[in-house]
Each structure stands twice: as C-alpha cells, then as structure tokens.
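Residue-level structure breakdown
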Amino acid sequence: MTEVSIEKLTKDYGQGPAVNSISIRIAEGEFISLLGPSGCGKTTTLKMIAGFEDATAGAIRFDGRDVVAVPVEKRDIGMVFQNYALFPHMTVEKNLAFGLEMRKTPKDEIRIRIAKVLDMVQLTGYSERYPRQLSGGQQQRVALARALVIEPKILLLDEPLANLDAKLREEMRVFIRDLQRRVGITTVYVTHDQAEAMTMSDRVVVMFGGRIAQIGTPSDIYERPANLEVAEFVGQVNIIRGKVGNRVVSTAFGDVPVSGDFADGAELMLALRPEAVELLPINSGAMGAQAKVLSSYYSGSLVDYRLELAGGVVVNVQTFPRTRFADGEQVLVHAPADRFWPLGSAA
Amino acid sequence: MSKPFFTVYCLIIYAFLLAPIAVVVIASFNAGAFLTFPPQGLSFRWYLVFFNNEVFMRAIRTSLWIAAMTTVISGIIGTMAAMFYVTHAGRLKETVRVAMLAPLLLPEVLTAISLLFFVYSVGLGTQNLVGMIVGHVLITLPFVFINVSASMESYDPAWSLAAQSLGAGRFTRFRRIMLPLIKPGVIGGCLFAFIISFDVFTISFMLKGVGMSTLPIQLFDYLRTNFTPEAAAVSTCSIVLTMAVVIISEKVLGLRIHRF
C-alpha cells in the first residue's frame, strides 16, 4: 500500500495555470475522488499523477519518493480509462497478461494471477473472449482487472463509468468500491458526477478553475460546503439570505442562530438542503413559517415541492410522499437550525 | 438500377478491364512465330524461350530486387510518416499530407528528369541501383502513407497510453500494440509499393545504368525490334508474379481487417 502526497502541483499550458498549486495527501488504501465540472483541472491532475503530463511545478510523492521525473512505464500505476482502452487484438487473457509480461513475471505465476483476478471481477470463463465480444460492463471489469493484476502502487480511474447506462453505472459503483476495499489499494477517481464521488469515496476533492475548493468526507462536502460554488455543485441547495444581528440571522424561515464570526448588519447566505425542510399542514399547530405550494413533482419515492415563503422567497423542498399537498395550498415549513449552513457574506 | 441490369453492367466493366489481360495471356501460349490473336495453336514454346533468355531473367531478378528494397524502405519511411502525421503533426498536418502526396500529383516524367539531375549533382550517378531505388521509394511512398494513415485513423491513442501505464516502453508499445492494429494498412501499403515498383517504367528508364534493365524496360527494348509471343509470355509471368505476391502476403501475413 502506498501513501500519495501531492505538493503544490501546478500545470500551465501557457494560458494560465490549468492546475494551480494544489496539495493533497492521500492515505494508504484511501479512495479519493477528484470532483468538478469539465475544465476544472481534475483530469490534468490525474494525468500528472499517472505521468502522462509533466508537472510545471510541484511534487508528487509515492511513499515519500518524488516520482515527477519517473516515466509512466516505470511509475507502477494501474490506470482505467474512460473508454477502457482494452487491446482489441488480444483476448481477455492476453490483455491481462500484458502488464505482467512487461514485469517479466514467470508464465506459471501469470496464469495463477490471471485466474485470481478474473475470479475477483467475476469473469472466470471469459479469458478466451475478445473485448468486442463483451458487454460494456464486462469490458469495464476487464479494464479494472488489467489495472489491478499488476498489483500497482496506486489505482487511477478516469471517469470509468461515463459510458455505461444508468442502471449499470450504479451497479459498477458498488462493485468498484467493494473491490477497492478488498484489495486495499490507494485509489484516485476522477468524475464530474457528484453522486458517484459521494457514494464511493472516503474523501472528495472538489475542484474549480484549477484550484481545490474543498477537501473532505462526502458528508463534509454535502453538509458543510466551503462556499457557494461547492454547495451548488454538490446536490441541490436553497440559498437563504438574511441579515445578521446578535448572532442570529433573520430569514424567511424566522430567526436562525449562527455560530461563527459575522458582523452585525452583514447580509449572510445560508445553505439549506431541500430534504432538510419539513412540511406540515397549516392547521397542525406546529412551529414554522407559512408558505404556499407553487408546484410539486412526484417521482415515486420522493416528492419535490416548490414553495413560496413570505417576501417572495422561493425554496425547493424534498419530502417522502406520506402527506401530499396540492398546488396553491398553504403549508407550514420548518427546518432545524443546525441544517442552515453559513456560506459567508452575500456579494 | 434493377438487379439484372446492374449485374450485366458489372460484367461489362470487368470484361473491359480484364479483356486485354486475357488477350495477352492467351497470346502467350501461341505456337506460331508472331504475336497474333487469336493464337495459331497452343504451346509452351515461348515460355521456354523466355526462361532460357538470360537477358530477361536478369531483368526479372533486378526488378524483384529493386521492388523488395523499395517495399522495405518505403514501408518503413511511409509508416513513420503516417504515424507522425496522425499523432504529432498538429498544425503542420495539411503541409505534411501535401508533401507526402506530392509525388502522386507531379507528372512522373518530371519527377524522373529532376531525379536524374539530382543523382548526378550529388555525385551518385547511375552506376548502381541506389538512384533507381531512391526514385522508386519516392513514387511508392504516397501509397504506403495513404494506407497506413487510413488505418491509423481508427487507432485509439488510449491503447498506447494503456500499454504505457502497464509498463511498456516506446518500442514495445509499437511492436505489440500499434503495429498489429495498423497491420492491414502497412501490408496493403507495402503491396502497393511492391507492385508499383515492379511495374514502373519512366523513373526506371531515366535512372537505369548501363546493363541493369528492369523487366518493363527490357520488355520495351525487346518489343522495339521483335514481335514474337515471347513478349506475351513475359507479360503473363509478370502478372502471375504480382498476383502471387498479393495472394502469398494475404495468406501468410493476413490482410483480414480486424473487426472490433
């Protein structure tokens, strides 16, 4: 197992940095996702870790040893590409053997290790197939097996699920995560899909414009986003504005206590997730602000409402469809104070 | 177009293309003393004369030798050029393509005359086959280039990256991944190079030294003074030889395109 340390890593193609002095420490066996919109530098970062791109500045250390000068083929990485990049003229077995042959592994051992890895990805019996004879999900698993069979120091995945349909994608998420836990390999996963990053990772690195916006566990990122950009990129969010006064923000939901250093009179933005809001009938006698249902969208397990609060504030709320409210109905809304997360002063 | 009409149409085209060849082949079995059609009786008489004609035999050997050298050199340079063109040329792409195809666009006789000046001005002369091979490489290069770059277009660069991530160095990546995948284009290009080199007249005519004729030149020389069916026998053998090269490469190296 390998600990990876990225220090002040920068890549500049000549038009300003694509990756701007980022630092990440990845613990042994940790599963880390680089998450961000396209062009945020996540793929460039992955390519620099792999060695396909030279770093303009900074260091990449595998167990303390700087590998920036080490060529890809000597870096001992396992990489899974977006389109799998299986060698089309080789059978599954030959694809898997390739990396081991490069390492001059004895023939007998190659056979044993291929059998083992095929079992691991549940493709025993497929060794004589050509990639074109496999489904997308099977190709994906061969690509994983090919990267893992060489027992690399680190596993790198570049949007590996992007080409699969939705159902298979969810299956593969669980599959990859389980496999990674069992093998215990340090893993860097690049994706623009926040659900993927959240469900699979130990920690998520959110990137915007070549910089790291936030590093944290999925719940850190979701519940305690570092700024407005992160809050809006990861899941749905309502931004509630209000004036600070005496450690309390007065909002359309009522007064919300905030911890932290905010000057009185400043206008503050609070992040409120749609599922954190509770909806109650107007005559329930509970505490809460009044709101009018503008529209609702039923999706089976959940209902999404658009509500209008006092002062024309519109919020999105997601609830279980236990009680349904009609469009135009007056309701009570309530959210626990700790579900409002301050994002800093409004611009 | 209705189906029967289309079939007839195709047959006519084939007949038009193949009839002259058929005439030559049939004429080569002529038993008479002159090149006529239809032949007067059938025999292998002129084949025996041809096989015992040391001048023709030497010309065939020369042609085969030049075609082989040309194929190897053209194959290597053309493949390298195509690899550069598809993966690295960048902004130079169009320039590289035009430069590579230029020998196809220029009249062959112009290329031949310029080459003649060139080989003398660099002191190479026409005493040996070097100048001739340079000429043959020049005019066969576009065919290798076109074929290889076409098969490179369907080559996914990620295959090379994957091989690299698995520990393969530059040479291994080429030999084990890229070459097998662009093989149909390389072999196709090399076959073109071989056949064209075997067949080319103008360039060879300008760049040949004394006493080293290729087969087409020897045949031309021969037909200036003789009109026997031996010429037809020579042509037939040359057709058979070219076809043999195509069929053998197909069988041995496998021209089958990989279906992905």
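These numbers were taken from a predicted model, which means no experiment stands behind them.

**What to know about the overall build of chain A**
Looking only at helices and strands, chain A features eight helices and 20 strands. The principal-axis extent of the C-alpha atoms belonging to chain A is close to 75 × 45 × 30 Å. Per-residue burial for chain A yields a buried fraction of 50% across its 347 residues. Here the analysis covers contacts within chain A between residues at least 6 apart in sequence; of these, 65% occur between residues at least 24 apart. Here chain A holds 39 positive side-chain charges and 42 negative ones, and the gap between their average locations is 5 Å.

**Regarding the pattern of salt bridges**
Residues and elements named next belong to chain A. For the structure on display, the rule yields 18 salt bridges over all chains. Two residues, Arg 111 and Asp 108, come together in a salt bridge whose shortest N-O distance is 3.1 Å. Placement of the pair is Arg 111 and Asp 108 together in helix α3 (residues 107-120), with a separation of three residues, close to one helical turn. An identical accessibility class is assigned to Arg 111 and Asp 108; each is exposed. Three or more residues are tied together by salt bridges with common partners; here these are Glu 109, Arg 113 and Glu 151.

**Here we look at the packing of helix α6 (residues 130-153) of chain B against helix α8 (residues 170-199) of chain B**
Packed helix pairs are specified by the crossing angle of their axes together with the interaxial distance, meaning the distance between the axes. Residues and elements named next belong to chain B. Where α6 meets α8, the closest approach of the two axes is 8 Å, and the angle between their N-to-C directions is 155°. As far as their axial angle goes, α8 and α6 are roughly antiparallel. Between α6 and α8 lies a crossing of right-handed hand. Taken together, the residues of α8 that come into contact with α6 (itself represented by His 136, Ile 139, Thr 140, Phe 143, Val 144, Asn 147, Val 148, Ser 151 and Met 152) are Met 178, Ile 182, Gly 185, Val 186, Gly 188, Gly 189, Cys 190, Phe 192, Ala 193, Ile 196 and Ser 197. Looking at the contact of α6 with α8 residue by residue, the class counts come to twelve nonpolar, eight polar and no charged.

**A look at the sheet that holds strand β17 (residues 303-309) of chain A**
Residues and elements named next belong to chain A. If you trace the five strands from one edge of the open sheet to the other, you get β15-β19-β16-β17-β18, paired in antiparallel fashion. The open sheet has two edge strands with one neighbour each: β15 (278-281) and β18 (314-319). Averaged over neighbouring strand pairs, the angle between their axes works out to 45° when direction is ignored. Pairing geometry for strand β16 (residues 289-298) and strand β19 (residues 330-334), over four bridges, is antiparallel. Bridging across to β19, Ala 289 finds its partner in Val 333.

**Observations concerning helix α2 (residues 92-102) of chain A**
Across the eleven residues of α2(A), eight count as buried, placing the element largely inside the fold. Buried residues along α2(A) sit against α3 and α4 (136-149) of chain A together with α7 (157-165) and α8 of chain B. Of the residues flanking the end of α2(A), it is A:Lys104, one or two places downstream, whose phi is positive at about 55°.

**Regarding the confidence of the model for chain B**
Summary statistics for chain B give a mean pLDDT of 87 and a share of 97% for residues scoring 70 or more. For chain B, per-element mean pLDDT is lowest for helix α11 (residues 230-254) of chain B, which scores 83, and highest for α7(B), which scores 94.

**A closer look at the sheet that holds strand β4 (residues 57-62) of chain A**
Residue and element names in this part refer to chain A. Read across the sheet, four strands follow the order β2-β1-β4-β5 without closing on themselves; strand pairing throughout is antiparallel. At either end of the open sheet lies a strand with only one pairing partner, and these are β2 (17-26) and β5 (65-66). Its contacts with the sheet put helix α1 (residues 42-50) on β1 (4-12), β2 and β4, and the angle it makes with β1 is roughly 120°.

**Notes on the interface of chain A and chain B**
Each partner contributes residues to the interface: chain A has 21 residues there, and chain B has 22 residues. Interface area, chain A with chain B, both sides summed: about 1,900 Å², of which 68% is carbon and sulfur. Taken together, the connections running from chain A to chain B amount to two salt bridges. Across the pair A:Glu73 and B:Arg173 runs a salt bridge, and its minimum N-O distance is 3.9 Å. In this assembly, chain A and chain B are joined by six residue pairs in polar contact (both at pLDDT 80 or more). Mapped by element, the contributors of at least two residues to the side of chain A that touches chain B are β6 (77-80) and α2 of chain A.

**Some points on the pairing of strand β11 (residues 238-245) of chain A**
All names here are of chain A. Judged from the six bridges that link them, β11 and strand β14 (residues 267-272) form a sheet pairing that is antiparallel. Looking across to β14, one finds that Ile 239 is bridged to Ala 271. Counting the residues that bridge the hairpin from β11 to strand β12 (residues 248-251) gives two residues, and of these Asn 246 lies at a positive phi of roughly 60°.

**Quick look at the environment of B:Lys93**
Residues and elements named next belong to chain B. Structurally, Lys 93 can be placed in helix α4 (residues 93-105). Between the C-alpha atom of Lys 93 and that of Glu 153, which follows or precedes it by 60 residues, the distance is 13 Å. For Lys 93, the contacting residues outside a window of four places in its chain are Tyr 85, Val 86 and Glu 153.

**Some thoughts on the packing of helix α3 (residues 54-87) of chain B against α4(B)**
Residue and element names in this part refer to chain B. Two elements in contact, α3 and α4, have axes whose closest approach is 9 Å; the angle formed by their N-to-C orientations is 155°. With respect to α4, the element α3 is oriented roughly antiparallel. You can see that α3 and α4 cross each other, and the crossing is left-handed. Here α3 contributes Ala 81, Phe 84, Tyr 85 and Val 86 to the contact with α4, which in turn contributes Lys 93, Val 96, Arg 97 and Met 100.

**Some details on the domain arrangement of chain B**
Interface size, as often reported, equals the accessible area lost upon joining of the parts. All names here are of chain B. Per the domain assignment, the segments of chain B are domain 1 (1-43) and domain 2 (54-252). Of note, the centres of domain 1 and domain 2, computed from C-alpha atoms alone, are 30 Å apart. Summed over both sides, the interface of domain 1 with domain 2 buries roughly 730 Å², with 78% coming from carbon and sulfur. Three residues, Val 24, Ser 28 and Leu 35, lead the burial of domain 1 against domain 2; their summed loss comes to 61% of the area buried on that side. Here domain 1 and domain 2 share zero salt bridges between them. Taken together, the connections running from domain 1 to domain 2 amount to one residue pair in polar contact (both at pLDDT 80 or more). Here the residues of the side of domain 1 that touches domain 2 sort into seven nonpolar, three polar and no charged.

**Observations regarding the side chain of B:Thr111**
Along the chain, B:Thr111 falls in helix α5 (residues 108-121). Among residues more than four places away in sequence, those in contact with B:Thr111 are B:Leu106, B:Leu138 and B:Ile203.

**Some words on the side chain of A:Arg173**
Residue position: A:Arg173 is located in helix α5 (residues 166-183). This buried residue, A:Arg173, is left without a salt bridge; A:Asp193 holds the nearest opposite charge, at 4.1 Å.

Calculation criteria
Residues numbered from 1 in each chain as written. Chains lettered and ligands numbered in written order. Predicted model: local features only at pLDDT ≥ 70, side-chain atom pairs only at ≥ 80, totals over all residues. Heavy atoms only, no water. Helix = DSSP H or I, 4+ residues; strand = E, 2+ residues; numbered from the N terminus. Buried < 20%, exposed > 50% of the residue type's maximum accessible area, 1.4 Å probe, protein only. Contact = heavy atoms within 4.5 Å. Lys, Arg positive; Asp, Glu negative; His and termini not counted. Charge placed at Lys NZ, Arg CZ, Asp CG, Glu CD. Salt bridge = Lys/Arg side-chain N within 4 Å of Asp/Glu carboxyl O. Axes fitted to C-alpha atoms, helices over the stretch in contact; angles between N-to-C directions. Parallel < 35°, antiparallel > 145°, perpendicular 65-115°, else oblique. Left-handed = near helix turned anticlockwise from the far one by under 90°. Nonpolar A, V, L, I, M, F, W, Y, C, P; charged D, E, K, R; others polar. Pairing = 2+ DSSP bridges. pLDDT = per-residue confidence, 0-100. Buried area = accessible area lost by both parts, 1.4 Å probe. Polar contact = N/O pair within 3.5 Å; in protein donor to acceptor, adjacent residues only side chain to side chain. Domains from an automatic or database assignment.

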